[in-house]
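Okay, here's what each chain looks like letter by letter:
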Amino acid sequence: MRATLSEHALRSTMSCAAVIVAAGRGRRAGGDIPKQYASVGGEPVLRRTVRTFASHPRVDTISVVIHSDDQRDAEEATDGFGCHLVRGGPTRQESSFNGLKAMEKAAPDIVLIHDAARPFLSHAIIDAAIDGANRHGAAVAGIPIVDTIKATDAAFQVLETVPRERLWRAQTPQAFRYSLILGAHQAARTKALTDDAAVAEAAGLPVVMTEGSEENFKITTADDLQRANQLAIRDISSTVTLIGSGFDVHAFEDGDHVTLCGERIAHSHALKGHSDADVALHALTDAILGALAAGDIGQHFPDSDPQWRGVASDVFLQRALDLVAERKGRLINLDLTLICERPRLQVHRDAMIRNLAALTGLTTRRIGLKATTTEKLGFTGRGEGIAVQAVVSLSVPDEY
């Protein structure tokens, strides 16, 4: 259904958070670790799941509910995504409640609750769930049942054929108005319910079904894990890698600090620019736009437009990353070279890398950051400004 103008306006102001439940101990998929940390396509299941939410433009914050024994694995799997890690409880229901309680101060309008072991959900599924919760209060992704359903007795003798016309297989994400589901969970603390939609139903809340997908299956057994790896291989074989480069220069002017990779660094001068003049993020943004053949930063954010005066440059970077997500792609890695005589940047390198990881969702292992000089030659050698060169690689569907 096409969104109305009022719905578009609401989308721009409505806050949305995701709770990814990853506290289970399930090992039926095989191996020595819980299934959410098993490798699919060369990376943990949890990381694939988190990436989909992190790249969705309508999801503002992500909390991952984990088992106390999994702190290190969870930190590695979510590295770069800026997730909040929350300790789970002894049951799925209690883990969900812990995740919801952890965001009580932020109180988002909509919350999505999703199983970590469903790594192949899509942005379309997330959108449908959010819109369903916005209209009705609660929505569950699912698939209408198409097979004939038989009910049997204890000896497996068929008792009846069950009408299937209104039967669905429930999946996640399950989306809710935050205040409604939090209250429903508080009222259901003594019950043992199978999913968050059941919690909402027990509280008398209306719940609607929204479109899910056969690929949005839950990894439970070794066969599921094999299927997941086959899907991951298919995804890799149907994508292409795009390379983009960016280059930017900013001159010094009077001031007491520069901003590089989102890090404020004390200096005898500032960088001149219409925005915050973060020359590193400008070069990175141009590299991403270049890989997409989507123009350059000046076309998207002209310095003649007063709305960009003094704005933080991560706004520009996020817009470029949104364009990648709109094309169903992802950033694979980035490499920046900062060129200047002053300030000395080595002491700030780790902080800049952490900032870049938080902004892009990349692990720190996929972020290259180097600082060099021009041996006193040229404008950077004379201390007149800073130049930055950026290179990125993107993975996008082959049809793009």
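Residues numbered from 1 in each chain as written. Predicted model: local features only at pLDDT ≥ 70, side-chain atom pairs only at ≥ 80, totals over all residues. Heavy atoms only, no water.

Undergrad: Go over the overall build of the protein chain with me, naming the residues and quoting the values.
TA: Helices and strands together make up the secondary structure of the protein chain, namely 13 helices and 18 strands. Compactness check: the protein chain gives a C-alpha radius of gyration of 24 Å against a globular reference of 21 Å for 400 residues, within 12% of the reference. For the protein chain, the spread of C-alpha atoms along the three principal axes comes to 90 × 45 × 40 Å. Residue burial in the protein chain is summarised as follows: out of 400 residues, 47% are buried. Taking as baseline every contact in the protein chain between residues at least 6 positions apart, the subset at least 24 positions apart corresponds to 71%. (Helix = DSSP H or I, 4+ residues; strand = E, 2+ residues; numbered from the N terminus. Rg over C-alpha atoms; globule rule 2.2 N^0.38 Å. Buried < 20%, exposed > 50% of the residue type's maximum accessible area, 1.4 Å probe, protein only. Contact = heavy atoms within 4.5 Å.)

Undergrad: Any chance you could break down the pairing of strand β8 (residues 149–152) for me, citing the residues and the numbers?
TA: Judged from the four bridges that link them, β8 and strand β9 (residues 158–162) form a sheet pairing that is antiparallel. Bridging from a neighbouring strand, K150 pairs with T161 of β9. In sequence, β8 turns back onto β9 through a hairpin of five residues, with F156 there showing a positive phi of about 70°. (Pairing = 2+ DSSP bridges.)

Undergrad: Tell me what's going on with the sheet that holds strand β15 (residues 269–271), and back it up with residues and numbers.
TA: The five strands are arranged β15-β12-β18-β16-β17 in an open sheet whose pairing can be described as mixed. Pairing within the sheet leaves two strands with one partner each, and these edge strands are β15 and β17 (367–372). Strand after strand, the sheet turns through a mean of 20° between neighbouring axes, direction not considered. Examined bridge by bridge, strand β12 (residues 239–254) and strand β18 (residues 385–397) share 13 bridges and lie antiparallel to one another. (Axes fitted to C-alpha atoms, helices over the stretch in contact; angles between N-to-C directions.)

Undergrad: Which residues make up the environment of T91, and what values go with them?
TA: Mapped onto the elements of the fold, T91 is located in the loop between β5 (84–87) and α4 (92–102). For the pair T91 and R354, spaced 263 residues apart in the sequence, the C-alpha separation amounts to 34 Å.

Undergrad: Describe the packing of helix α9 (residues 279–291) against helix α11 (residues 314–326), with residues and values.
TA: At a closest axis distance of 9 Å, the pairing of α9 and α11 adopts a crossing angle of 15°. Relative to α11, the element α9 is oriented roughly parallel. Note that α9 runs across α11; the crossing there is left-handed. Across the interface between the two elements, L281, H282, L284, T285, I288 and L289 of α9 pack against D314, F316, L317, A320, L321, L323 and V324 of α11. Taken together, the residues that form the contact of α9 with α11 break down as ten nonpolar, two polar and one charged. (Parallel < 35°, antiparallel > 145°, perpendicular 65-115°, else oblique. Left-handed = near helix turned anticlockwise from the far one by under 90°. Nonpolar A, V, L, I, M, F, W, Y, C, P; charged D, E, K, R; others polar.)

Undergrad: Which residues make up the nonpolar core, and what values go with them?
TA: Ranked by size, the top nonpolar core spans 43 residues in total, and within it L260, L284, I288, L334 and L336 carry the most contacts. Elements with a contribution of two residues or more to this core: β12, β13 (257–260), α9, α11, β16 (330–339), α12 (349–360), β17 and β18. Take this core: its biggest share by element is nine residues, from α9. Those residues within four positions of I288 in sequence are excluded, and the remaining contacts are L317, A320, L321, V324, V392 and L394. (Core = buried A, V, L, I, M, F, W, Y, C linked by side-chain atoms within 4.5 Å.)

Undergrad: Outline helix α6 (residues 178–187), supporting the account with residue identities and numerical values.
TA: Buried within α6 we find Y178, I181, L182, A184 and H185. Down the axis of α6, the smallest arc covering the buried residues is 160°, so these residues share one side. For α6, the exposed residues set more than 90 degrees away from the buried face come down to S179 and A187. On its buried face, α6 sits against α4, β6 (110–115), β10 (168–177) and α7 (196–202). (Arc of directions from axis to C-beta.)

Undergrad: Explain the pattern of salt bridges residue by residue, including any values.
TA: Applying the stated criterion across every chain, the model contains 15 salt bridges. Between E214 and R169 there is a salt bridge, with the nearest N and O atoms lying 2.8 Å from each other. Here the residue E214 occupies a position in the loop between β11 (208–211) and α8 (222–237), and R169 occupies one in strand β10, the gap between them amounting to 45 residues. Residue E214 is classed as partly exposed on the basis of its relative accessible area, which comes to 45%. The class of R169 is partly exposed, set by a relative accessible area of 40%. Across the pair D335 and K370 runs a salt bridge whose closest N-O atoms are separated by 2.7 Å. Of this pair, D335 sits in strand β16 while K370 sits in strand β17, placing them 35 residues apart in sequence. What makes D335 partly exposed here is its relative accessible area of 30%. (Salt bridge = Lys/Arg side-chain N within 4 Å of Asp/Glu carboxyl O.)

Undergrad: Describe the packing of aromatic side chains, listing the residues and the values that go with them.
TA: By convention here, two paired aromatic rings are described through the distance between centres and the angle between planes. Scanning the entire structure with this criterion turns up four aromatic pairs. Their ring planes at 80° and their centres at 5.9 Å tell us that W308 and F316 sit as a pair that is edge-to-face. The residues W308 and F316 share a single accessibility class, namely buried. An aromatic cluster of at least three residues, connected via ring pairs, comprises F301, W308 and F316. Between R227 and the ring centre of F217, over which it is positioned, the NZ or CZ distance is 3.9 Å. (Phe/Tyr/Trp six-rings, centres within 6.5 Å; stacked < 30°, edge-to-face > 60°. Lys NZ or Arg CZ within 6 Å of the ring centre and 35° of its normal.)

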